[in-house]
Amino acid sequence: MPLKLVIANKAYSSWSLRPWILLAHFKIPFEEVVIPLDQPDTRQRILAVSPNGKCPSLQDGAISVWESIAIVDYVAEKYPDKPIWPKAKAARALARSLSAEMHAGFQALRNHLPTNFRRPVKKRELTSEVEADVARIEAAWADARKRYGKAGPFLFGRFSAADAMFAPVVNRFHVYDVPVKKATRDYMEAMMGLPAWKAWIKDAEAEPWRIERYDNI
Ligand SMILES: N[C@@H](CCC(=O)N[C@@H](CS)C(=O)NCC(=O)O)C(=O)O
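None of these values were measured; they are calculated from a predicted model. (Residues numbered from 1 in each chain as written. Predicted model: local features only at pLDDT ≥ 70, side-chain atom pairs only at ≥ 80, totals over all residues.)

### Some words on the nonpolar core
And step 1. With 60 residues, the main nonpolar core has Trp20, Ile21, Leu22, Ala95, Phe156, Ala161 and Ala162 as its most contacted residues.
And step 2. For this core, the element with the most residues is helix H7 (residues 161–175), which contributes 9 residues.
And step 3. When residues of this core are assigned to domains, at least three map to each of domain 1 (3–82) and domain 2 (89–198).
And step 4. If we ignore the near neighbours within four places in the chain, the residues touching Ala161 are Leu22, Val72, Ala76, Ile84, Trp85, Ala95 and Ser99. (Core = buried A, V, L, I, M, F, W, Y, C linked by C-beta atoms within 7 Å. Buried ≥ 20, exposed ≤ 12 C-beta atoms within 10 Å, placed from the backbone. Helix = DSSP H or I, 4+ residues; strand = E, 2+ residues; numbered from the N terminus. Domains from an automatic or database assignment. Contact = placed C-beta atoms within 7 Å.)

### Section: helix H1 (residues 14–25)
And step 1. In this model, H1 (12 residues) spans 16 Å end to end at C-alpha, consistent with the 16 Å of a helix rising 1.5 Å per residue.
And step 2. The buried fraction of H1 is high, at 11 of 12 residues.
And step 3. Among the residues of H1, those classed as buried are Trp15, Ser16, Leu17, Arg18, Pro19, Trp20, Ile21, Leu22, Leu23, Ala24 and His25.
And step 4. Among the structural elements, strand E1 (3–7), strand E2 (30–34), strand E3 (57–60), helix H3 (68–78), H7 and helix H9 (195–206) are those in contact with the buried residues of H1.
And step 5. Looking one or two places after H1, you find Lys27, whose phi comes out positive at around 55°. (Expected span 1.5 Å × (residues − 1).)

### Notes on the environment of Tyr12
And step 1. Along the chain, Tyr12 falls in the loop between E1 and H1.
And step 2. Considering only alpha carbons, one finds Tyr12 and Asp215, 203 residues apart in sequence, at a separation of 9.3 Å.
And step 3. Setting aside anything within four residues of it in sequence, one finds Tyr12 in contact with Leu37, Thr115, Asn116, Ile211 and Tyr214.

### Topic: the packing of H1 against H7
And step 1. It is the contact of H1 with H7, at a shortest axis distance of 8 Å, that shows an interaxial angle of 150°. The orientation of H1 relative to H7 falls into the category roughly antiparallel. Along this stretch, H1 crosses H7, giving a crossing that reads as right-handed. Of the residues in H7, those touching H1 at Ser14, Leu17, Arg18, Ile21 and Leu22 are Ala161, Ala164, Met165, Ala167 and Pro168.
And step 2. Of the residues that constitute the contact of H1 with H7, the class distribution is 8 nonpolar, 1 polar and 1 charged. (Axes fitted to C-alpha atoms, helices over the stretch in contact; angles between N-to-C directions. Parallel < 35°, antiparallel > 145°, perpendicular 65-115°, else oblique. Left-handed = near helix turned anticlockwise from the far one by under 90°. Nonpolar A, V, L, I, M, F, W, Y, C, P; charged D, E, K, R; others polar.)

### Considering the environment of His174
And step 1. Assignment of secondary structure puts His174 in helix H7.
And step 2. The spatial distance from the C-alpha of His174 to the C-alpha of Met192 is 9.5 Å, given a sequence separation of 18 residues.

### Things to note about the sheet that holds E1
And step 1. Spatial strand order, E2-E1-E3-E4: 4 strands in an open sheet with mixed pairing. Sheet topology places E2 and strand E4 (63–66) at the edges, where each strand pairs with a single neighbour. Recorded for the sheet is a direction-independent mean angle of 20° between the axes of neighbouring strands.
And step 2. By the bridge criterion, 3 bridges tie E1 to E3 in an arrangement that is antiparallel. (Pairing = 2+ DSSP bridges.)

### Focus: unusual backbone geometry
And step 1. Omega for the peptide link from Cys55 to Pro56 comes to 10°, which places this bond in the cis form.
And step 2. Along the chain, Pro56 turns up in the loop between helix H2 (42–47) and E3.
And step 3. At Phe106, a position not held by glycine, the phi torsion is positive, near 60°.
And step 4. The class for Phe106 is buried, based on 21 C-beta atoms found within 10 Å.

In short, shape yes, function no, at least from these values alone.
Have a look at this one:
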């Protein structure tokens, strides 16, 4: 039985993109179910697969996994032959720390620049709290790239779980035209050039649902 990944709207769900881009990039077969947000049956449909009432959720037969970071780890454990986390211990430790930092933090950035994969690029002024989040992310990306990024354009060279965890930030930086350093922009271009990224955007653009509170920012 293939894995089943239950996600929210591709247009708006940053959390859903993380496990989705990981599975798609590593060519792991999975079935996808989209539960659109803000519909009368949204909560009931999500609760049927995810006790925290949130997407994404991964179903592997009778096993249910929720919280994007737990799904990423579950997939890495299930497919040990795929280089999902960096192999070297020190690189892996940094990749895990950055992924956990992303999972738990950057609230100012998330609130001020909501994910919207259909948004035309348009500048939004930043608050000082958001600027601090952007500075920390740029420093973290630069540090990972400098120490472990020699083998490719991603944080640890080749695309890894850490990149999947930061993928939605790339959308935020891009569509809100956040001023970033050249090295950050180069990393963003590498992410946005991935076939899996392009497939997600294409699907997001084709979705019929519109949520005004995200579209009107
Ligand atoms: N920390 C969770 C957050 C998941 C989350 O907030 N998901 C949103 C969609 S992006 C959701 O399902 N919201 C349900 C709702 O608004 O009804 C994770 O990593 O999976």
